[in-house]
Amino acid sequence: MRITTTVNGAVHEVDDVWPGESLLYMLRERMGLPGSKNACEQGECGSCTVYLDGEPVCSCLVAAGQAIGREVTTVEGLATEGQLHPVQEAFLECGAVQCGFCTPGLLVAAHDLLARVPDPSDLEIREALAGNLCRCTGYEKILDAVRSAARRQAEA
Amino acid sequence: MSTEAGTRTTTTTQPSGRVGDSPLRPDGTLKVTGEFAYASDLWHDDMVWGVTLRSPHPHARIRGIDIAEALTVPGVIAVLTADDVPGENAVGLEHADQPVLASEFVRYEGEPVALVAADHPETARRAAQRIHVEYEVLPAVTDPRRAMDDDAPAVHQPGNLVRHLTLRRGDPDATAPVVVSLDFEVGMQDQAFLGPESGLAVPAEDGGVDLYVATQWLHVDQRQMCLALGMPKELVRLHLAGVGGAFGGREDLSVHVHASMLALRTGRPVKMSYGREESFFGHVHRHPAWMTYEFGAERDGTLVYARARTVLDGGAYASSTAAVVGNAGTLGLGPYRIPNVAVDAYGVFTNNPPCGAMRGFGCVQAAYAHEALMDELAEAVGLDPVAIRQLNGMREGDTNITGQVIDSAAPVAELLQIVRDMPMPPPADTSDIRSRPGAVGNTTHGEGVVRGVGYAVTYKNVGFSEGFDDYSTARVRLEMTGGEAVATVHTAAAEVGQGLITVEQQICRTELGVERVVVHPKNTAVGSGGSTSASRQTYVTGGAVKAACEAVRAVVLERAALSLGRPANELRLDGGKIVGSSGEVLVGLGEVLGEDAVEETVEYRHRPTHAIDPETGQGDAHVQFAFSAHRAVVDVDVELGLVKVVALDTAQDVGKAINPDAVVGQIQGGSAQGMGLALMEEIVVTDGHVRNPSFTDYLIPTILDMPPMQVKVLEYADPHAPYGVRGVGEPPTISSGPAVAAAVRAAAGKPLRRVPIRPEHITGT
Ligand code: FES
Ligand code: FES
């Protein structure tokens with residue numbers, strides 16, 4: 001089937017999508033946007049998190065067809081005009097990235113948290129990121145990064 | 001093709017940062033923008049997808065395989081079986097005992113049997129279901145403690161013993177006034193790296209294949225692939241694709257030969273990428289262990305003897321079981337002075353999933369037993385857990401249980417003192433349900449919550465042991481590019497997320513005095529970088545990069561000396577210039593180098609290690625030891641069996657922190673993996689079948705599970721290692737879990753002789 005959807009601000013038409021394909025598969029394999037990751041494809045790890053009409057979702061659990069006529073934002077859409085978003089800068093500078101496979105999903109989840117709660121407590125950060133698994137960092141530097149991103153946003 | 005993105009990721013240059021600084025990782029920007037090319041992101045024009053059909057049985061004879069129906073599925077391009085393996089149908093890390101594709105027998109659930117290539121992954125998966133394999137199910141050995149019985153079916157001929165390590169020191173029959181003993185059992189842990197096993201095999205015009213793959217050691221993969229493909233190494237070229245974590249789970253082959261076979265057969269690029277469920281069957285796991293330990297001591301707590309018997313379940317193929325047994329035996333009694341020792345460690349074949357390398361490698365299992373027993377001994381002689389360990393802890397100059405002298409720092413007592421003296425977390429805050437055990441499950445209002453504190457200490461060998469020729473190769477090139485001095489460093493040592501590429505740059509900047517260092521993509525066009533395992537890369541590949549830089553520098557300074565008419569030993573490289581002994585600039589590098597590039601390739605070896613005596617287990621088996629200690633604080637709901645880890649604090653000697661931020665990151669991440677095994681992580685295997693191959697049922701710590709961690713890093717240089725470094729990655733995974741288990745025991749008042757500790761173990765129901 002043909003799918004028309006807006007991804008990172010641009011309208012795309014994607015042909016030959018098999019109805020069983022997930023939004024994650026369509027983004028990664030048909031649209032050249034492999035930034036969203038595929039660590040489980042079962043809704044358990046959060047590595048595939050994208051915005052769908054402004055709501056963070058696990059794109060592995062969303063059928064590609066559900067994106068028709070809607071707006072998708074992926075990790076590739078967080079930076080503007082080559083300028084990293086403060087959340088991205090903070091992850092990079094705080095050492096929150098090791099292998100980085102969890103990073104795209106965590107960035108979207110943290111971006112969403114800070115849009116809703118500009119100055120989150122540690123418990124709020126932990127709760128908001130509880131659906132995003134990271135196997136490398138032990139999460140300490142991820143917490144540091146979200147705290148730092150909150151400060152950067154407040155100063156901006 | 002998109003592998004170009006993978007190439008680009010490792011060649012960006014970065015702000016300055018020398019040894020001891022914490023510059024940002026050179027691949028970091030691409031990782032936060034989503035552009036970094038992991039193995040599962042690779043794409044090629046004309047690419048097709050490969051999938052693997054795996055055995056549903058733990059043990060069976062293959063009577064026949066019918067691929068006719070699968071071949072009729074539209075979109076299918078090839079279906080391959082054991083008959084299509086071009087070379088020897090046998091691979092394996094240490095022993096080539098595992099078929100590329102099963103031919104006569106399958107020996108574990110999930111063993112690869114056939115391959116399909118098709119134009120869509122779902123088409124390939126559906127076609128694989130139409131391959132008809134006729135199995136004759138055979139009795140399976142699934143209890144490793146029975147695997148050596150005379151009447152146990154043999155998984156392999158001549159029998160099910162992979163290795164029996166015997167270690168005897170002093171008087172193995174020594175007696176003592178205080179005796180404590182226990183049995184301990186450790187479940188099967190999974191590495192659970194997030195990036196699934198993936199690779200892209202591209203057939204080449206010369207008849208060879210280029211494989212872009214996520215791995216820990218390109219050259220050991222290449223060796224096995226050459227045999228299986230029946231091709232010389234010039235035709236089997238490996239390139240490291242982006243690796244989404246490893247932790248030991250990528251030491252053995254995964255898609256390598258399979259994707260290459262399909263590519264060579266179809267003439268098309270073939271991508272293979274496992275889903276999470278397949279990943280649980282697609283790599284080896286941490287060996288489950290059954291341990292019986294006994295300590296004898298004087299009444300003051302001084303150890304007189306130790307005896308240990310350990311059985312490790314190696315599963316269906318050898319993988320690295322023999323080396324894991326080596327560690328579980330030679331290091332299995334922990335960092336303590338023990339004059340009289342008798343250890344027997346066994347690794348056995350069963351029809352369970354194959355087990356092999358995982359971070360901590362044999363020491364993780366043993367530490368649960370020796371640390372639990374140390375707490376028993378403390379109790380028996382009336383000392384506290386820190387004091388008993390400080391009393392018996394190794395010091396520099398001591399001899400370990402294989403008779404090897406610890407010839408650099410062994411700060412056991414100091415590490416314990418540091419974690420004991422760290423600030424304690426505040427008392428349980430029960431006002432917010434999110435900070436209680438069970439959290440938003442809203443299971444308790446704090447009535448049954450008891451706090452517990454536990455300690456553990458460990459030591460771990462760094463690098464490969466028991467006489468292995470453990471080396472790394474580095475090629476370093478220095479030249480002028482656009483008026484700037486640029487160093488290029490090329491090693492085949494795998495970057496898996498730990499930050500080796502940052503370290504390589506830091507070493508080049510330090511040794512060559514240049515700002516800009518390009519990290520060449522990792523591939524087999526340069527000699528082996530050895531394995532990214534055993535906490536060895538900063539030491540061994542770092543040592544190779546340092547040595548290659550020194551060789552380049554010697555050439556450059558010799559040239560400068562000639563033209564300046566000054567002795568080379570009075571010259572240094574700094575800021576892209578040749579400077580004199582008091583730092584005065586003598587000449588620019590550009591004037592010395594001109595159009596030339598100076599390039600040197602060097603192999604670096606650590607001091608040799610030695611095989612241990614087969615009868616007594618005595619010998620200088622290891623090159624270096626790394627020490628760490630943890631203190632865990634937990635709140636346990638003793639009525640419901642729920643645990644919340646409140647603090648997990650640690651101190652570790654790293655010799656020299658090349659990149660202090662990255663060192664702390666390793667320690668935090670390693671501690672989390674250790675905690676996972678103590679409380680939640682287990683692959684449940686019954687009758688040879690894996691019951692929980694998903695992140696729904698195999699739980700790893702989330703950000704809600706992890707407590708804040710205080711980390712103290714000591715830097716007692718090892719005089720034998722480059723810059724004094726000591727391996728970092730593994731010790732935290734070893735000492736964190738036993739500390740957590742001890743804290744839970746202290747809170748629950750139960751022996752808890754098995755990990756992961758489940759709620760029912762705590763409540764006794
Ligand atoms: S890949 Fe979607 S939640 Fe894991
Ligand atoms: S950085 Fe590797 S999984 Fe998070």
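What you see is a predicted model, and the numbers here were worked out from it, not measured in a lab.

### Examining the overall build of chain B
Here comes step 1: Check the secondary structure of chain B and you find 17 helices and 31 strands.
Here comes step 2: Scaling as 2.2 N^0.38, a compact globule of 765 residues should have a C-alpha radius of gyration of about 27 Å, and chain B matches this with 27 Å.
Here comes step 3: Seen through its C-alpha atoms, chain B measures out along the principal axes to roughly 75 × 75 × 60 Å.
Here comes step 4: Taking all 765 residues of chain B together, the buried fraction comes to 64%.
Here comes step 5: The average position of the 62 basic charges and that of the 96 acidic charges among the side chains of chain B differ by 2 Å.

### A look at the overall build of chain A
Here comes step 1: Scanning chain A from N- to C-terminus turns up five helices and five strands.
Here comes step 2: For chain A, the N- to C-terminal ordering of α and β elements is β-β-α-β-β-β-α-α-α-α.
Here comes step 3: Based on the C-alpha atoms only, the size of chain A along its principal axes is roughly 45 × 30 × 25 Å.
Here comes step 4: For chain A, with 156 residues in total, the buried portion stands at 56%.
Here comes step 5: When contacts within chain A are restricted to residue pairs at least 6 apart in sequence, long-range pairs at least 24 apart make up 53% of them.
Here comes step 6: Summing over all exposed atoms, chain A offers an accessible surface of approximately 5,800 Å²; the carbon and sulfur share of this is 47%.

### A word on the pairing of strand 2 (residues 10–14) of chain A
Every regular strand shows the same layout, with side chains that alternate between the two sheet faces.
All names here are of chain A.
Here comes step 1: Judged from the five bridges that link them, strand 1 (residues 3–7) and strand 2 form a sheet pairing that is antiparallel. Note that in strand 2 the partner of T6 across the bridge is V11.
Here comes step 2: In this antiparallel pair of consecutive strands, strand 1 and strand 2, the connection spans two residues, and N8 shows a positive phi of 50°.

### Some remarks on the UniProt feature "domain: Aldehyde oxidase/xanthine dehydrogenase a/b hammerhead" (unreviewed entry) in chain B
Here comes step 1: The sites that carry the UniProt feature "domain: Aldehyde oxidase/xanthine dehydrogenase a/b hammerhead" (unreviewed entry) are, in the present numbering, residues 33–139 of chain B.
Here comes step 2: A distance of 52 Å separates the end C-alpha atoms of residues 33–139 of chain B, which is 12% helix and 32% strand.

### Notes on the domain arrangement of chain B
All names here are of chain B.
Here comes step 1: Along its sequence, chain B is carved into domain 1 (3–37 + 471–605), domain 2 (40–138 + 196–243 + 250–282) and domain 3 (285–465 + 611–763).
Here comes step 2: The distance between the C-alpha centroids of domain 1 and domain 3 comes to 36 Å.
Here comes step 3: Across the domain 1 to domain 3 interface the summed buried area is about 1,600 Å²; carbon plus sulfur atoms make up 62%.
Here comes step 4: Looking at the side of domain 1 facing domain 3, the largest losses of area belong to A534, S535 and Y539, adding up to 38% of the total buried there.
Here comes step 5: In this assembly, domain 1 and domain 3 are joined by zero salt bridges.
Here comes step 6: On the surface where domain 1 and domain 3 come into contact, there are eight residue pairs in polar contact (both at pLDDT 80 or more).
Here comes step 7: Looking at the side of domain 1 that touches domain 3, the elements with two or more residues in it are helix 12 (500–512) and helix 13 (537–564).
Here comes step 8: Per-element tally for the side of domain 1 that touches domain 3: the top contributor is helix 12, with five residues.
Here comes step 9: Of the residues contributing to the side of domain 1 that touches domain 3, the split by class is seven nonpolar, 10 polar and five charged.

### Quick word on the pattern of salt bridges
Between side chains of opposite charge, a pair can form as their charged atoms come close.
Here comes step 1: Inspection of every chain in the model, using the stated rule, returns 59 salt bridges over all chains.
Here comes step 2: Two residues, A:R2 and A:E13, come together in a salt bridge whose shortest N-O distance is 2.9 Å. Placement of the pair is A:R2 in the segment before strand 1 and A:E13 in strand 2, with a sequence separation of 11 residues.
Here comes step 3: On the basis of relative accessibility, which here comes to 48%, the residue A:R2 falls in the partly exposed class.
Here comes step 4: B:E603 serves as the salt-bridge partner of B:R605, at 3.0 Å between the closest nitrogen and oxygen.
Here comes step 5: Judged by relative accessible area, B:E603 falls into the partly exposed class, the value being 45%.
Here comes step 6: The network of salt bridges with common partners includes B:R25, B:D27, B:K31 and B:E495.

### Points about the sheet that holds strand 26 (residues 624–637) of chain B
All names here are of chain B.
Here comes step 1: Spatial ordering of the open sheet is given by 18-26-27-30, a layout of four strands whose pairing is mixed. With partners counted over all chains shown, the strands left at the sheet margins are strand 18 (449–462) and strand 30 (711–714), one partner each. Each strand axis lies, on average, 20° off the axis of its neighbour in the sheet, ignoring direction.
Here comes step 2: Note: strand 18 against strand 26, 14 bridges, orientation antiparallel.

### Considerations on the interface of chain B and chain A
Here comes step 1: Taken residue by residue, the interface counts 60 residues in chain B and 47 residues in chain A.
Here comes step 2: Counting the surface lost from both chain B and chain A, the interface buries some 4,400 Å², and carbon and sulfur atoms represent 60% of this.
Here comes step 3: The largest contributions to the chain B side of the interface with chain A come from B:V32, B:L194 and B:I703, which together make up 19% of the buried area.
Here comes step 4: Between B:E681 and A:R135 there is a salt bridge, with its nearest N and O atoms 2.7 Å apart.

### Some thoughts on the packing of helix 10 (residues 385–392) of chain B against helix 11 (residues 412–421) of chain B
All names here are of chain B.
Here comes step 1: Orientation of helix 10 relative to helix 11, taken along the N-to-C sense of each, is 160°, at an axis distance of 8 Å. Judged on the interaxial angle alone, helix 11 and helix 10 are roughly antiparallel. Crossing of helix 10 over helix 11 shows left-handed handedness. For the pair helix 10 and helix 11, the contacting residues are V386, R389 and Q390 in the first and V412, A413, L416, Q417 and R420 in the second.
Here comes step 2: Residue composition of the contact of helix 10 with helix 11, by class: four nonpolar, two polar and two charged.

### Comments concerning the packing of aromatic side chains
Each aromatic ring pair is specified by the distance between its two centres and by the angle formed by the two planes.
Here comes step 1: The tally for this structure, following the rule as stated, stands at 12 aromatic pairs over all chains.
Here comes step 2: Where B:W217 meets B:F468, the ring centres are 6.5 Å apart and the plane angle is 70°; that geometry is what we call edge-to-face. In this pair, B:W217 sits in the loop between strand 10 (209–213) and helix 5 (218–229) while B:F468 sits in the loop between strand 18 and strand 19 (471–481), placing the two residues 251 residues apart along the sequence.
Here comes step 3: Look at B:W217 and you get buried, because its relative accessible area is 15%.
Here comes step 4: Owing to a relative accessible area of 38%, B:F468 belongs among the partly exposed residues under this scheme.
Here comes step 5: Three or more aromatic residues joined by ring pairs form one cluster here, namely A:F101, B:F36 and B:Y38.
Here comes step 6: The ring of B:Y274 carries the charged tip of B:R54 above its face, separated from the ring centre by 5.0 Å.
Here comes step 7: Above the face of the B:Y723 ring, B:K546 is positioned so that its terminal group lies 5.2 Å from the ring centre.

### Observations concerning the environment of B:P56
All names here are of chain B.
Here comes step 1: For P56, the position within the fold is in the loop between strand 1 (48–54) and strand 2 (60–66).
Here comes step 2: The exposure class assigned to P56 is partly exposed, which follows from its relative accessible area of 41%.
Here comes step 3: Linking P56 and Y108, residues 52 residues apart in sequence, is a C-alpha distance of 8.3 Å.
Here comes step 4: Once residues within four sequence positions are removed from consideration, P56 is found in contact with E109, Y135 and H689.

### As for the state of the cysteines
All names here are of chain B.
Here comes step 1: One pass over the structure, following the stated rule, counts zero disulfides over all chains.
Here comes step 2: Here C508 is not disulfide-linked; the sulfur of C549 is the nearest cysteine sulfur, at 3.8 Å.
Here comes step 3: Owing to a relative accessible area of 0%, C508 belongs among the buried residues under this scheme.

### With respect to helix 12 of chain B
Residue and element names in this part refer to chain B.
Here comes step 1: The end-to-end C-alpha separation of helix 12 is 18 Å, in line with the 18 Å expected for 13 residues at 1.5 Å each.
Here comes step 2: Taking burial as the measure, the 13 residues of helix 12 include 12 buried ones, the bulk of the element.
Here comes step 3: Within helix 12 the residues assigned to the buried category are L500, I501, T502, V503, E504, Q505, Q506, I507, C508, R509, E511 and L512.
Here comes step 4: Taken together, the buried residues of helix 12 touch strand 19, strand 20 (484–490), strand 21 (516–519), helix 13 and strand 22 (572–574).
Here comes step 5: After helix 12 finishes, the residue G513 shows a positive phi value of roughly 60°.

Quick notes on the rules
Residues numbered from 1 in each chain as written. Chains lettered and ligands numbered in written order. Predicted model: local features only at pLDDT ≥ 70, side-chain atom pairs only at ≥ 80, totals over all residues. Heavy atoms only, no water. Helix = DSSP H or I, 4+ residues; strand = E, 2+ residues; numbered from the N terminus. Rg over C-alpha atoms; globule rule 2.2 N^0.38 Å. Buried < 20%, exposed > 50% of the residue type's maximum accessible area, 1.4 Å probe, protein only. Lys, Arg positive; Asp, Glu negative; His and termini not counted. Charge placed at Lys NZ, Arg CZ, Asp CG, Glu CD. Contact = heavy atoms within 4.5 Å. Areas by Shrake-Rupley, 256 points an atom, 1.4 Å probe, with all protein chains shown as cover. Pairing = 2+ DSSP bridges. UniProt positions renumbered as here; feature names shortened; annotations may be inferred. Domains from an automatic or database assignment. Buried area = accessible area lost by both parts, 1.4 Å probe. Salt bridge = Lys/Arg side-chain N within 4 Å of Asp/Glu carboxyl O. Polar contact = N/O pair within 3.5 Å; in protein donor to acceptor, adjacent residues only side chain to side chain. Nonpolar A, V, L, I, M, F, W, Y, C, P; charged D, E, K, R; others polar. Axes fitted to C-alpha atoms, helices over the stretch in contact; angles between N-to-C directions. Parallel < 35°, antiparallel > 145°, perpendicular 65-115°, else oblique. Left-handed = near helix turned anticlockwise from the far one by under 90°. Phe/Tyr/Trp six-rings, centres within 6.5 Å; stacked < 30°, edge-to-face > 60°. Lys NZ or Arg CZ within 6 Å of the ring centre and 35° of its normal. Disulfide = S-S within 2.5 Å. Expected span 1.5 Å × (residues − 1).

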